[in-house]
Structure formats: C-alpha cells, structure tokens
Amino acid sequence: MTSVGSVNGLAKTAGTAVLPKRFHTKVDVRWSDMDVFQHINHARMVTLLEEARIPWLFEGDRPTAGLRSGCVLADLHVRYKGQLRHEDTPLDIAMWVEQLRAVDFTVGYEVRANGTALDSPPAVIATTQLAAFDIDTQRLRRLTDAERDYLAQWKQD
C-alpha cells in the first residue's frame with residue numbers, strides 16, 4: 001500500500017537521480033467525492049488528504065501515533081493544477097515534512113491520478129500545518145524527541 005521515493009524535487013549526481021524521501025499512499029475516490037462538474041469537490045479533497053496522512057503519522061507503532069489523541073490543523077493551503085475525477089482512483093498521494101518546529105510541523109502533498117508517472121506534474125499541491133495539542137490542558141504541547149526524530153526523517157530541504 002505504501003512506498004517511499006519520488007521524482008519531483010530530485011537532485012542529480014553524476015547523471016543519477018537522488019530521490020527525496022516521501023511517503024506514498026493510495027487513497028480511493030468515492031462516488032460521493034464528486035461534485036456537479038464531475039471532479040473531486042474541494043472539501044472532499046481536504047478529506048482525502050487527511051485520509052492519506054493517517055497511515056503515515058497515526059497508525060500502528062509510528063512514533064507519531066501519540067498525536068492521535070491531540071493534534072490540531074492550524075493552516076491549510078490547496079492549489080489545483082488539474083482536475084481529478086472518480087476514474088482516477090486510487091489517487092497517489094506523496095507526503096513529506098516541509099517545516100519542523102517545537103510544537104508544529106508542515107506537511108507537503110502532491111496528488112496524482114492513479115497510474116500517472118511520478119515525474120509528471122501533480123494535479124494537486126497542498127500543505128497542512130499540524131500542531132501537537134494536549135486535550136487535557138487545552139494547550140499546544142512540544143513534540144516529543146521521538147516524534148521530532150521520526151518527522152525529521154521526512155524533512156525536505
């Protein structure tokens with residue numbers, strides 16, 4: 001279901017591409033994700049981005065799994081470069097960390113139709129800023145060392 005590696009943002013070393021580390025996952029498009037113009041509705045695209053980051057950050061034994069009990073979305077930007085439709089399912093969503101700070105981090109996204117080459121332009125480019133949050137105190141909290149170390153592995157410079 002998931003793999004690592006992308007072609008966008010690549011560097012070349014002696015004619016060989018060095019791929020940045022990105023988390024890739026496939027997310028199915030539901031019929032209800034479509035709008036009257038037969039492409040994915042904006043609000044549904046935001047939901048699909050959320051579904052993509054769950055296996056990367058919140059499932060299983062990931063060091064960031066603790067964020068399940070306290071993580072808030074602080075900022076969101078979505079840019080559409082092309083249309084995505086139901087027949088493009090499952091979408092290929094690549095994610096990485098753009099910025100990592102004491103209490104928050106920014107996730108970058110590239111969304112492509114199923115079967116689209118990774119070196120082709122994405123149909124959607126997005127970012128979300130996520131902040132660690134303590135539900136009991138209703139305040140932001142610092143990321144733990146384990147959370148920061150895991151997120152730092154995905155940081156793109």
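All values derive from a computational prediction rather than experimental measurement.

How each quantity is defined
- Residues numbered from 1 in each chain as written.
- Predicted model: local features only at pLDDT ≥ 70, side-chain atom pairs only at ≥ 80, totals over all residues.
- Heavy atoms only, no water.
- Phe/Tyr/Trp six-rings, centres within 6.5 Å; stacked < 30°, edge-to-face > 60°.
- Helix = DSSP H or I, 4+ residues; strand = E, 2+ residues; numbered from the N terminus.
- Buried < 20%, exposed > 50% of the residue type's maximum accessible area, 1.4 Å probe, protein only.
- Lys NZ or Arg CZ within 6 Å of the ring centre and 35° of its normal.
- Core = buried A, V, L, I, M, F, W, Y, C linked by side-chain atoms within 4.5 Å.
- Contact = heavy atoms within 4.5 Å.
- Pairing = 2+ DSSP bridges.
- Polar contact = N/O pair within 3.5 Å; in protein donor to acceptor, adjacent residues only side chain to side chain.

K.L.:
I keep staring at the packing of aromatic side chains and nothing clicks. Help me out?
P.N.:
The geometry of an aromatic ring pair is captured by two quantities: the separation of the ring centres and the angle between the planes. Taken as a whole and judged by the stated rule, the model has four aromatic pairs. On the numbers, 6.1 Å between centres and 25 degrees between planes, the contact of phenylalanine 23 with tryptophan 56 is stacked. Of this pair, phenylalanine 23 sits in strand β4 (residues 23-27) while tryptophan 56 is found in helix α1 (residues 42-58), placing the two residues 33 residues apart along the sequence. For the pair phenylalanine 23 and tryptophan 56, a shared accessibility class is recorded, and that class is buried. Judged by centre distance (5.7 Å) and plane angle (85 degrees), the ring pair of tryptophan 56 and tryptophan 154 falls under edge-to-face. Pair noted here: tryptophan 56 is in helix α1 and tryptophan 154 is in the segment after α2 (145-152), with a separation of 98 residues, a long-range link. In this structure an aromatic cluster arises from ring pairing among Phe23, Trp56, Tyr150 and Trp154. Here the basic side chain of lysine 21 rests over the ring of tryptophan 154, its NZ or CZ set 4.6 Å away from the ring centre.

K.L.:
Just checking my understanding: could you explain the nonpolar core for this structure?
P.N.:
Most often, soluble globular proteins keep nonpolar side chains buried together rather than apart. Counting 34 residues, the largest nonpolar core has Trp56, Leu84, Leu91, Ile93 and Phe105 as its most contacted members. Residue assignment for this core shows that the elements contributing at least two residues are β4, α1, β6 (91-100), β7 (104-112), β8 (124-134) and α2. When residues in this core are grouped by element, the largest group, seven residues, is from α1. Setting aside chain neighbours within four positions, we find tryptophan 56 in contact with Phe23, Arg62, Thr64, Met95, Trp96, Val97, Val107, Tyr150 and Trp154.

K.L.:
Looking at this structure, how should I read the pairing of β7?
P.N.:
Moving residue by residue along a regular strand, the side chains alternate between the two faces of the sheet. The buried count for β7 comes to nine of nine residues, which makes it a mostly enclosed element. In β7, alternate side chains face the same way, and those of Asp104, Thr106, Gly108, Glu110 and Arg112 on one face and Phe105, Val107, Tyr109 and Val111 on the other are all buried. Across eight bridges, β6 lies against β7 in antiparallel orientation. Counted as the bridge partner of valine 97 is valine 107 from β7. Here β6 folds back onto β7, and the loop between the two strands holds three residues.

K.L.:
Is there a simple way to think about the environment of tyrosine 109 in this case?
P.N.:
Looking at where tyrosine 109 falls in the secondary structure, it is placed in strand β7. Measuring from C-alpha to C-alpha, the distance between tyrosine 109 and valine 124 comes to 7.8 Å, with 15 residues separating the pair along the chain. Those residues in contact with tyrosine 109, other than ones at most four positions away along the chain, are Leu49, Arg53, Ile93, Ala94, Met95, Trp96, Val124, Ile125, Ala126, Thr127 and Thr128. Polar side-chain contacts of tyrosine 109 include one of 2.8 Å to the side chain of threonine 128.

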